[in-house]
Structures are given as structure tokens and as C-alpha cells.
Amino acid sequence: VQLQAYGGGLVQAGGSLRLSCAACGLTFSTYVMGWFRQAPGKEREFVAGIRRSGGSTYYADSVKGRFTISRDNSKNTVYLQMNSLKPEDTAVYYCAAAYSSVWAVENMRYWGKGTLVTVSS
């Protein structure tokens, strides 16, 4: 199983980025997918999650209204559209797959390697 996240980079505060995560080696449509992030010196935290069909989405309070998670099961890909970015959004962003929609680090079955997002003030 491989999850490859990409799309990170350097952006000014108020800007936007779109992250993508391509999955292979698993039956993508049978997994819930999540995005997590880890800032320097901090623990990994939940950002957004989406259920198998894409009909239900979940967000951390800190990103609600600014970030949107979506998925395309035909492309085995999950996305994270990030708008109105803030310096505190700076982190390595990881995608992850799980059997159930319990959005905790320990519940995620597979992890990608992460992509760095840096938001300058």
C-alpha cells in the first residue's frame, strides 16, 4: 500500500493550496480517508476526514470554513483544498486511510509520507 501526498509549498498568508493524495495497493473506495498535520514540536493532529462515498466530511475546528476535503474514487485520490491560509497552518500534511471514521492517529491504518506546507506572514 502506498499513499503519496503532494501539492505542498510556500504560500503567503491568505493564499490557497490544494493538496492531493494518490493511493495504490488498496481498494480505495472501501477506506475512509483523512488529512492530518504535524507542526514542528507538536503532535500530529486531525485536520479533515471523509467517508467512503464522500457523502460525509469532518473538520477540525481550526480549519472549518477554510479547508475542504473531497475524494475521487475513480482516481483513487483524496484532496484537501486549503483557503485563507494562516501562518499557524504551517506543518507537514499527511494523508491516511482507515477502516472506520474514528479520526484519531492511532486508528489510521495506512499513512503517506507527508508534504510540507509553509505559510508566511
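Computed from a predicted model, the values in this text were never measured in an experiment. (Residues numbered from 1 in each chain as written. Predicted model: local features only at pLDDT ≥ 70, side-chain atom pairs only at ≥ 80, totals over all residues. Heavy atoms only, no water.)

Draft legend 1. Summary view of the state of the cysteines. Evaluation of the coordinates by the stated rule reveals one disulfide. Bridging Cys21 to Cys95, the disulfide has an S-S length of 2.0 Å. Linking Cys21 and Cys95, the disulfide has an S-S dihedral of approximately 55° and is accordingly described as right-handed. In this pair, Cys21 is assigned in strand 3 (residues 17–24) and Cys95 in strand 9 (residues 91–98), connecting sequence segments 74 residues apart. Both residues of the pair, Cys21 and Cys95, count as buried. Lacking any disulfide linkage, Cys24 is separated from the closest cysteine sulfur, that of Cys21, by 9.8 Å. (Disulfide = S-S within 2.5 Å. Helix = DSSP H or I, 4+ residues; strand = E, 2+ residues; numbered from the N terminus. Buried < 20%, exposed > 50% of the residue type's maximum accessible area, 1.4 Å probe, protein only.)

Draft legend 2. The packing of aromatic side chains, seen in detail. Applying the stated criterion across every chain yields a total of seven aromatic pairs. Here Tyr94 and Trp111 contribute two aromatic rings whose centre-to-centre distance is 6.3 Å and whose plane-to-plane angle is 85°, an arrangement assigned as edge-to-face. Taken as a pair, Tyr94 in strand 9 and Trp111 in strand 10 (residues 110–111) lie far apart in primary sequence, 17 residues in all. We classify Trp111 as partly exposed; its relative accessible area is 28%. Ring pairs connect the aromatic residues Phe36, Phe46, Tyr58, Tyr94, Trp103 and Trp111, which therefore count as one cluster. (Phe/Tyr/Trp six-rings, centres within 6.5 Å; stacked < 30°, edge-to-face > 60°.)

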